[in-house]
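# Chain and residue survey
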Amino acid sequence: MEFLTKCNEDQLFKLTKLYRDRLEQAMEEVSAEISTLLTFEKHFTGQEHQKVIELVEKGNQAGSSKLLLTLVMGKGSVARRLMWESFVTMRHRFPKLDKILNEIQEIDFEQFVNVNMAKGLPEVPSNLKGVQAKHKEVLSVQTQTLQVSTVLIKEKVKTFQLVDRYTELTVISALRDRKLVEHELLARGRDHEEWREKHLRRELEKIPVDCLFQSSFSWVGFLVQKLKKWFWQSNFGSSAVVSGVPGIGKTTMVQKIVHDWAIGKIYPHFQFVFSFKFRHLNTYNGRVNLRNLILDEYPYFENVLGELWKNPEGLLFIFDGLDEFKERIDFAGHRRSTAPQHMCTDPESWCEMSDIVYGLIQHKLLPGCSVLVTTRPTALHLLEVAEVSVWAEILGFVGDEQKEYFNKFYEDKKVAAAVFKHLKENEILYTMCYNPSYCWILGLSLGSFFTQRGRKQHVPRTITQLYSYYIYNVLENHGREIENPREVLLKLGEMAFAGVSEKTIVFTNEDLIQYNLQPSQFLSGFLMELLERDDSVRNIVYTFPHLTIQEFIAALAQFLTSDSGNIQELLSQAHRMEDGRFEIFLRFVIGLSSQSARPLEKLLGPFCHATICQVITWVKEKVEEQIKNAASKPDQTNLLNTLHYMFESQNKKLLQEIVESAEIFNLRGLRLTPIDYLVLSSVFEFSDSIRKLDLRNCYIKCEGLQRLDSILHKCRVLRLSFNELGDSGVKLLSVVLRKPDCKIQELGLEENSLTDVCAGDLSFALSMNRSLNVLNLSNNELGDSGMKLLCVALRNPDCTIQKLQLADNDLSASCVEDLVSVLATNRSLTNLDLSNNKLGDSGVSLLSVPLGNPDSKIQELVLKEVGLTSACAADLASALCASPALTILNLSYNKLEDSGVKALCEALANPNCQVQKLWLCENGISNVSMEYLPSALSSNCSLIELDLGHNKLRDSGVKLLSAALGNAKCKIQKLRLDDNRLSDSCAEDLASALSSNRTLTRLNLECNSFTDRSVPALRRIIMKCTGLACIELWDNKFSSDGQHQLKSLQGTRSGLNVELSAR
């Protein structure tokens, strides 16, 4: 790697020091490997190596990588260079190392050399020490406590010390999708499972909050940013953006950062930190300057701001909640390039608020200062062209952080343990635990169920039930404070709905008055629990504690009015919104239409019955519509979302009616999560039978099957192909098949990495099962040994399998003897697919013996690409003449050639031959075979479908074939002659033969060399062969005029299709 090669000893030390905090993470999985290498090269002693290995063996990977780096830093340049060289060789196995090396490649080496990262802490001027101490004291007092709502009448708000209550959040040094359309409870909750798995595989690069500035994250981001902009400034200031969904803890994290700086715990290189909320900045009207902005918040800086401006490198500005900012910040700079007066470069100049924020982030104002911005994902697009050194995202709580939160939430540790256990057992609620705000709602709502007094109550299972109990608690504790809580909630819900519709989360006194809510009502605890009042700014503003509470109140209001209006149209409009703003609202509306709402009706009175009925009707119609349309991925996603709605309803009668009437639930290709499995299990649990469940390619694996175990036996058709189920998955399915009430008639298991390990369990299940008729095991690795085990079940007289697909399973002629014994005794098996196996002539010759048995039941035999030649043709022909049942034979992609076809033609001419469909695609057949085939077709009265595609019949062969096609005894309905090197020379013969044909319905002539000269003959075929429904002519050599002449015939006969382009 060129950058590392250029580095001398000091520069390599500098690079290692710069990246040390990140290397500690990146090396956790490779510390033992690197330590072994350094020991082999005699840089580590055996004792030092042993210490590293002991930490690895104890599971302390973080400690092992930290020790390893400490040892390397003390060993000299050769050891350091060897370590970096080992990173290069192993980078592609370890994503974090690869990311670091990719970043280093982007850095300009000269800029890296010139950057001074060894500067000591700047000295605070003596005249600023007093105000700095004052500022830290003020900030420390402002941020040292955390107020938490309790929904209890006696103690509405509890105050905690921040350090006692704060739980660390996981922050990653990347953004998953800067343009992600936000709705966190579903979108973020479901994809969070995947990210949690990645964390467990240690692929996420965590960034500690104290590394947002003055660390490798910010240094490298700064260097790369400057390289992209093609300019360099000596003043080093960086901007960091931290993104997170609502309630993820952005504001509390900012409070913790400010508090930790004030008490001297982090960021000692910043002399002053100023924190602002965009919500507060909205209250400023007209122009303002940075000086007054600071003095409004911190008036004690009146006489010293001039001194602060002199050292911008010591300043950190924090702006919280960009998504709430009413003004638009134009980081592309279009307005500023044409109107220089809008450029804010002086902290004393009067500017628009947006220009001040722009100037600080872009280093135009106080260049050298640092800026931290927090935002929801929905506003990230505003920052795409901004000069940002660090992009980070709050993942929320991961792993043990969730448990720690609940341990801190409850004073009674037994209650904490019981609540957390319940959450872990409920995937829907557990997926909410990554978000601190959800944890707060969960904590407030669930605690009472696990006290001695509340143990007999039904614990919430859905999010609607959870939020219903949350509002119930508010009403029960504060409802007496207000005369008509139903009316107030209706008005509040109307305002909440308008906010959801317009993506508004901050409300003013004017908004309250518009919806007939008096601001004075906030003297009561009732409204104070549902709306948070912020009077720390010049204009009072209100917000719901969390966006989902706003959405729940908006949904609740739909049931509190006596006039249901056109609720179905409202739901349809909401469902059509593609940005997801109504997704959770819809879940709540549907959830409230059922038993979930009953606790609230005790306190608010009965819900509008007409609304409940309309909502249920809408859900039913929506599901039925999506079940019919679920052929494409968008519709499948909509269907899955609607199944989530149905789960939310917990309406047993509705669920049973929808599930049992549906023809198919098609979720093919969707990446299902544990939450989806829970929803599917719950939605289907009330039904006795599911007609068809298509879960092909849904990434289910064995773990997913375990979660679906309770419903699998109810499916009549169950498709599980392409899911990496493995042998363990099929062993689980075998248990399902053995259930006495198993209804599975058709089971698809192709492409699931199955081997002979599972064959014994499957064979045992097939011997006991009395429902299964169709089993597809294609594209696995059962092998001959697995086939032998399956044959044990197939020989059982009670086995009900009628159709068995075993294509591409590593089978050989060795297993055919077992198959022969099956075919000799089995009376149920009618369809057998052995394609893409190495049976060879010997295997198929053996197989032909039971096929020719008068008692043979095989109706369809598929032997595509099994290595056949003309050597086995006579045995096959003999079986065709003798078999009373065989009507479909597929011999495509073999090497029968003309001599093999000659033997088959003799069988076709035999009056005892019952074959109706014969496929001979790509068998090396030439025009020679057409000397035998026409006579066979002329005398055969059963053959209706013939595939001769991808052979070499040429014009002379088709001319011979045409004679048979014109014979009245020929019954061919479907004929494939594609890719047979045909030209205009045979077109007239075909036309003459087919002009009087009344049986042919489909003709394939694609991939040949017909030109416009054939168009008249082809038009005659289309017009005079009146039974023809489809003719395929694409990939020939027609001009556009020729194609037009042929295509123009499409409308001349009902149902006629002239195909001139590839499907």
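As a reminder, the structure under discussion sits directly above these lines.
Note that the structure is a prediction, hence the values are computed from the model and not measured.

### With respect to the overall build of the protein
Along the protein, the regular secondary structure elements total 48 helices and 26 strands. Counting across all 1063 residues of the protein, residues that qualify as buried make up 58%. Once local pairs closer than 6 in sequence are excluded, the contacts in the protein between residues at least 24 apart make up 81%.

### Focus on the sheet that holds strand β3 (residues 170-172)
Strand order across the open sheet formed by 6 strands is β3-β8-β4-β7-β6-β5, with mixed pairing between neighbours. Edge positions in the open sheet fall to β3 and β5 (272-277), since each of these has one partner strand only. Put simply, the sheet's adjacent strands are angled 20 degrees from each other on average, direction ignored. Sheet topology note: the strand β4 (residues 239-243)/strand β8 (residues 390-396) ladder contains 4 bridges and is parallel. In the strand pairing of β8, A240 is matched with V390.

### Observations regarding the environment of S985
For S985, the location among the structural elements is in the loop between β23 (974-976) and α46 (987-994). A relative accessible area of 46% places S985 in the partly exposed class. Sequence separation between S985 and S956 is 29 residues; the distance between their C-alpha atoms is 8.6 Å. Discounting residues that sit within four places of it in the chain, S985 has contacts with D955 and K959.

### Examining the pattern of salt bridges
The final tally for this structure, using the stated rule, is 34 salt bridges. A salt bridge links E307 to K310; the shortest N-O distance between them is 2.9 Å. The salt bridge partner of R1002 is E1032, with a shortest N-O separation of 3.3 Å. Separated by 30 residues along the polypeptide, R1002 in strand β24 (residues 1002-1004) and E1032 in strand β25 (residues 1030-1032) bring together distant segments of the chain. By relative accessible area, R1002 is classed as partly exposed at 32%.

### Topic: a negative patch on the surface
Side chains of E751, E781, D808, D810, E865, E922, D979 and D1035 sit close together on the surface and give a patch of like negative charge. Among the secondary structure elements, E865 is positioned in the loop between β19 (860-862) and α42 (873-882).

### A short note on the environment of R691
Here R691 lies in strand β13 (residues 690-694). Spatially, the C-alpha atom of R691 lies 6.2 Å from that of V717, the residues being 26 residues apart in sequence. Contacts of R691, omitting those with residues within four sequence positions, involve E660, S661, A662, E663, R716 and V717. Among the polar contacts made by the side chain of R691, one reaches the side chain of E663 at a distance of 2.3 Å.

### Details of unusual backbone geometry
Positive phi outside glycine occurs at F722, with the angle close to 60 degrees. Even without being a glycine, E751 presents a positive backbone phi close to 55 degrees. With respect to the helices, strands and loops of the structure, E751 is situated in the loop between β15 (746-748) and α38 (759-768). With relative accessibility at 41%, the residue E751 sits in the partly exposed group.

### A closer look at the side chain of S995
Note on placement: S995 falls in the loop between α46 and β24. From its side chain, S995 meets the backbone oxygen of A991 in a polar contact 2.4 Å long. With residues near it in sequence (within four places) discarded, S995 still touches K1024 and C1025.

### Considerations on the packing of aromatic side chains
Taken as a whole and judged by the stated rule, the model has 34 aromatic pairs. Considering the side-chain rings of F276 and F319, the 5.6 Å spacing of their centres and the 20 degrees angle between planes classify their relative orientation as stacked. Of this pair, F276 sits in strand β5 while F319 sits in strand β6 (residues 315-320), and the two are 43 residues apart along the sequence. Summarising the burial analysis for this pair, F276 and F319 share the class buried. A connected cluster of aromatic rings, assembled from ring pairs, spans F397, Y405, F406, F409, Y410, F420 and Y430. The ring of Y300 is capped by K134, whose NZ or CZ atom sits 5.8 Å from the centre of that ring.

### A closer look at the nonpolar core
In this structure, L212, F301 and F317 are the most contacted members of the largest nonpolar core, which totals 300 residues. Among the elements that make up this core, the one with the highest residue count is helix α24 (residues 463-478) (9 residues). Judged by nonpolar contacts, the second largest core, of 33 residues, contains L4, L68, A79 and M83.

### A word on the packing of helix α35 (residues 674-684) against helix α36 (residues 701-712)
For the pair α35 and α36, interaxial distance at closest approach is 8 Å and the crossing angle is 10 degrees. Taken together, the axis directions place α35 and α36 in an arrangement best described as roughly parallel. Between α35, through P674, Y677, L680, S681 and F684, and α36, the contact on the second element is made entirely by G704, R707, L708, S710 and I711. Classifying every residue of the contact of α35 with α36 by side-chain character gives 6 nonpolar, 3 polar and 1 charged.

### Some details on the side chain of N837
In this structure, N837 sits in the loop between β18 (831-833) and α41 (840-851). A relative accessible area of 3% places N837 in the buried class. Within polar-contact distance, the side chain of N837 engages the backbone nitrogen of D810 at 3.2 Å. There is a polar contact of 3.1 Å between the side chain of N837 and the backbone oxygen of L834. If near-sequence neighbours (up to four positions away) are discounted, N837 is found in contact with L806, A807, D808, N809, D810, L811, E865 and V866.

### Section: the environment of S785
The residue S785 is located in helix α39 (residues 783-794) in this model. Of the residues examined, S785 reaches a relative accessible area of 36% and is grouped as partly exposed. Measuring from C-alpha to C-alpha, the distance between S785 and V757 comes to 9.3 Å, with 28 residues separating the pair along the chain.

### Looking at the pairing of β6
Counting buried residues along β6, 6 of its 6 residues qualify, which places the element largely inside the surrounding structure. Judged from the 6 bridges that link them, β5 and β6 form a sheet pairing that is parallel. When the bridges of β6 are listed, F276 appears paired with F319.

### Some details on the packing of helix α37 (residues 726-737) against α38
Two elements in contact, α37 and α38, have axes separated by 9 Å at closest approach and are oriented at 10 degrees. One way to sum up the angle between α37 and α38 is to call them roughly parallel. Residue-level inspection shows V730, K731, S734 and L737 of α37 in contact with α38, the latter providing D761, L762 and A765. Split by residue class, the contact of α37 with α38 holds 4 nonpolar, 1 polar and 2 charged.

How each quantity is defined
- Residues numbered from 1 in each chain as written.
- Predicted model: local features only at pLDDT ≥ 70, side-chain atom pairs only at ≥ 80, totals over all residues.
- Heavy atoms only, no water.
- Helix = DSSP H or I, 4+ residues; strand = E, 2+ residues; numbered from the N terminus.
- Buried < 20%, exposed > 50% of the residue type's maximum accessible area, 1.4 Å probe, protein only.
- Contact = heavy atoms within 4.5 Å.
- Pairing = 2+ DSSP bridges.
- Axes fitted to C-alpha atoms, helices over the stretch in contact; angles between N-to-C directions.
- Salt bridge = Lys/Arg side-chain N within 4 Å of Asp/Glu carboxyl O.
- Patch = residues over 30% accessible without salt bridge, like charges linked within 9 Å, V, L, I, M, F, W, Y side chains within 5 Å.
- Areas by Shrake-Rupley, 256 points an atom, 1.4 Å probe, with all protein chains shown as cover.
- Lys, Arg positive; Asp, Glu negative; His and termini not counted.
- Charge placed at Lys NZ, Arg CZ, Asp CG, Glu CD.
- Polar contact = N/O pair within 3.5 Å; in protein donor to acceptor, adjacent residues only side chain to side chain.
- Phe/Tyr/Trp six-rings, centres within 6.5 Å; stacked < 30°, edge-to-face > 60°.
- Lys NZ or Arg CZ within 6 Å of the ring centre and 35° of its normal.
- Core = buried A, V, L, I, M, F, W, Y, C linked by side-chain atoms within 4.5 Å.
- Parallel < 35°, antiparallel > 145°, perpendicular 65-115°, else oblique.
- Nonpolar A, V, L, I, M, F, W, Y, C, P; charged D, E, K, R; others polar.

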